Amino acid sequence: EETIRIRIVDHGIGILPEQLSQIFSIKAGEGSRYMSTGLGTGLFISKELINHHSGRIEAFSDGLNEGSNFVITLPTTIESPLEKVSVSIDKDDEVVNSAKILLVEDNETIQMVMNRTL
């Protein structure tokens, strides 16, 4: 089965090794010293969306102040009861020229910056 891998590199505060296994939990953000604003449900929602597309997401970090890496793996073909959906990828191009992105962000300032960036 062919897959697409997306790596997101974050040079932020990192994740403690003992928290990596819980980072995608709905409760992961509760009482976290990492949260400054928001509900803390972004990684949980991301994992659920990716799972519903037969994919997976993994988090990696060397610890505090070491940043984080997230790797998303999605199949290029998804079986559906209604139809077979295929994603066509030009293997010669390394950059995708257009894509649709669903942005879920409850912090208005971050949302504005992300909208302008994307």
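Here is what the cut-offs are and how they apply
Residues numbered from 1 in each chain as written. Predicted model: local features only at pLDDT ≥ 70, side-chain atom pairs only at ≥ 80, totals over all residues. Heavy atoms only, no water. Phe/Tyr/Trp six-rings, centres within 6.5 Å; stacked < 30°, edge-to-face > 60°. Helix = DSSP H or I, 4+ residues; strand = E, 2+ residues; numbered from the N terminus. Buried < 20%, exposed > 50% of the residue type's maximum accessible area, 1.4 Å probe, protein only. Polar contact = N/O pair within 3.5 Å; in protein donor to acceptor, adjacent residues only side chain to side chain. Contact = heavy atoms within 4.5 Å. Core = buried A, V, L, I, M, F, W, Y, C linked by side-chain atoms within 4.5 Å.

A. Inspection of the packing of aromatic side chains at higher detail. Applying the stated rule across the entire model yields one aromatic pair. Considering the side-chain rings of Phe24 and Phe70, the 6.5 Å spacing of their centres and the 80° angle between planes classify their relative orientation as edge-to-face. In this pair, Phe24 sits in the loop between β1 (3–10) and α1 (42–52) while Phe70 sits in strand β3 (residues 68–75), placing the two residues 46 residues apart along the sequence. Of the two residues, Phe24 and Phe70, neither departs from the other in class, the shared state being buried.

B. Up close: the side chain of Ser61. For Ser61, the location among the structural elements is in the loop between β2 (56–60) and β3. Side-chain polar atoms of Ser61 contact the backbone nitrogen of Ile15, separated by 3.0 Å. Among the polar contacts made by the side chain of Ser61, one reaches the main-chain carbonyl oxygen of Gly67 at a distance of 2.7 Å. Beyond its immediate stretch of four places on either side in the chain, Ser61 contacts Gly14, Ile15, Leu20, Gly67 and Ser68.

C. Broad picture of unusual backbone geometry. Even without being a glycine, Ser54 presents a positive backbone phi close to 60°. Phi at Asn65 takes a positive value of approximately 60°, unusual for a residue other than glycine. Note on placement: Asn65 falls in the loop between β2 and β3.

D. Quick look at the nonpolar core. If you look at the biggest cluster of nonpolar residues, it comprises eight residues: Ile15, Ile23, Phe24, Ile50, Ile57, Ala59, Phe70 and Ile72. For this core, the secondary structure elements donating two or more residues are β2 and β3. Leave out the neighbours within four places in its chain, and Ile57 touches Phe24, Lys47, Ile50, Phe70, Val71 and Ile72.

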